[in-house]
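Structural features, examined
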Amino acid sequence: MANTITTNDQSKIIDMFNNISSTYDLLNRLLSFGIDQRWRKTACKKVLKGLEKDDLTIIDVACGTGDMLIAWKETSHKLGRNISSFVGVDPSVGMLNVAREKISWCNFKEGKATELPFEDNSIDIISITYGIRNVVDLESAFKEFYRVLKPGGRLVILEFAKQERESALDKFAKWYLHQMIPLIGGLISKDKGAYKYLPDSIAGFITSNELNNIQKNCGFEIVETKDYSFKISTMFISKKPE
Ligand SMILES: C[S@@+](CC[C@H](N)C(=O)[O-])C[C@H]1O[C@@H](n2cnc3c(N)ncnc32)[C@H](O)[C@@H]1O
């Protein structure tokens, strides 16, 4: 029987990522068909083009095994932009260990979105990709992002969108998410509960409008919100006012 993880138990969510860290990358590629790489690079490009500044400091919160940091590095190189410091932050030691093996040019710190180990007004860009859904106390996290960002700094979020319509494609997406992902993910990771948590946490997450309202309440200006690939993934870019 799959171990059920509810979306409001922060320490169980982090333990679950520790459990699946060794198979996370393989399953991520298999289950997303690699499209996530395109979503990541598009987000990096949009943020870098909208922020005309050199020697940028970037932190990737909920960095997991480090894929967004790789997207930042490759995209900034392609655009000829200089990043002076990259830091990945995650509360899961298992995920951080995988990231450290893959990436040598970045610092990693253990930490939660609600308690970031950085000074006030010290960072140009914060990203959080497919991670915000796992943060139980959203308001505290957005307040923390606001505290750490420099005035004019950008926050970029990628997250799976909650499917609210019921077209044939949505039905297929729902079947894939609720049936196939727990089956394949459970077989490979040997943790069916973790791959059942994925669709449950997407279905239980707030809508894009609600997410933007929390951001606005915490002081952010919304820059752009855009859905990709038939609304599977949503990009949110916001700004701390100057
Ligand atoms: C689905 S993974 C995404 C990893 C990576 N960002 C990516 O795009 O592949 C979610 C990550 O969120 C992390 N996480 C869970 N709770 C968190 C919290 N409260 N604050 C920050 N990260 C958290 C997990 O440890 C995990 O590494």
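The structure we're discussing is the one just above.
Throughout what follows, the structure given in this document is the object of discussion. Here the structure is a predicted model, which is why all the values come from computation and not from measurement. (Residues numbered from 1 in each chain as written. Predicted model: local features only at pLDDT ≥ 70, side-chain atom pairs only at ≥ 80, totals over all residues. Heavy atoms only, no water.)

This part takes up the packing of aromatic side chains. In the structure shown here, the tally under the stated rule is 5 aromatic pairs. Relative to Y130, the ring of W39 has its centre 6.4 Å away and its plane inclined at 50 degrees; by these criteria the two rings are tilted. Taken together, the residues W39 in helix 3 (residues 35-50) and Y130 in the loop between strand 4 (123-129) and helix 6 (138-148) connect sequence positions 91 residues apart. Residue classification places Y130 among the buried residues on the basis of a relative accessible area of 10%. Centroid distance F142 to F145: 5.6 Å. Interplanar angle 85 degrees. Geometry classified as edge-to-face. Pair noted here: F142 and F145 are both in helix 6, with a separation of 3 residues, about one helical turn. Here the two residues F142 and F145 agree in accessibility, since each one is buried. The rings of W39, Y130 and F160 are connected pair by pair, giving a single aromatic cluster. Over the face of the ring belonging to F118 we find K109, whose NZ or CZ atom lies 5.0 Å from the ring centre. Lying across the ring of Y146, K240 places its NZ or CZ 4.7 Å from the centre. (Phe/Tyr/Trp six-rings, centres within 6.5 Å; stacked < 30°, edge-to-face > 60°. Helix = DSSP H or I, 4+ residues; strand = E, 2+ residues; numbered from the N terminus. Buried < 20%, exposed > 50% of the residue type's maximum accessible area, 1.4 Å probe, protein only. Lys NZ or Arg CZ within 6 Å of the ring centre and 35° of its normal.)

On to the sheet that holds strand 4. If you walk across this open sheet you meet the 7 strands as 3-2-1-4-5-7-6, and the pairing is mixed. Two strands bound the open sheet, and with one partner strand each, they are strand 3 (107-110) and strand 6 (221-228). Averaged over all adjacent pairs, the angle separating strand axes in this sheet is 15 degrees, with direction ignored. Looking at chain direction, strand 4 and strand 5 (residues 149-160) are connected through 6 bridges and run parallel. Pairing of I125 across the sheet is with R154, part of strand 5. (Pairing = 2+ DSSP bridges. Axes fitted to C-alpha atoms, helices over the stretch in contact; angles between N-to-C directions.)

Shape is all these values report; function is a separate question.
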